[in-house]
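Residue-level structural notes
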Amino acid sequence: MNKKDTKSGKKNSQLVLRLDKAERDAFVDLCKEMDTSAAREIRAFIRSFLKKNAKK
């Protein structure tokens, strides 16, 4: 990470995945209805998954 990325606090990694267009569209639409974003919900899922499955 360079100093500029650290100071800004911005994310510096992406995860690319492929999924069915209908599922993607339904997910994005539902997120909008719930006043959230798809990215926010995916990040929350990843954090929850990591916490749940962390090796102790």
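No experiment lies behind these values; they were computed from the predicted model shown.

Our next topic: the pattern of salt bridges. Tallied over the full model, the rule gives two salt bridges. The salt bridge involving Lys21 is made with Asp25; its shortest N-O contact spans 2.6 Å. Here Lys21 pairs with Asp25, and both are found in helix α2 (residues 21–33), just four residues apart, close to one helical turn. One salt bridge connects Arg24 with Asp25, and the closest N-O pair in it is separated by 3.2 Å. Looking at Arg24, the relative accessible area reads 44%, which means it is partly exposed.

Once that is clear, we can look at the confidence of the model for the protein. For the protein, the average pLDDT comes to 88, and 86% of its residues sit at 70 or higher. Ranking the helices and strands of the protein by mean pLDDT puts α2 first, with 98, and helix α1 (residues 3–8) last, with 56.

Procedures and definitions
Residues numbered from 1 in each chain as written. Predicted model: local features only at pLDDT ≥ 70, side-chain atom pairs only at ≥ 80, totals over all residues. Heavy atoms only, no water. Salt bridge = Lys/Arg side-chain N within 4 Å of Asp/Glu carboxyl O. Helix = DSSP H or I, 4+ residues; strand = E, 2+ residues; numbered from the N terminus. Buried < 20%, exposed > 50% of the residue type's maximum accessible area, 1.4 Å probe, protein only. pLDDT = per-residue confidence, 0-100.

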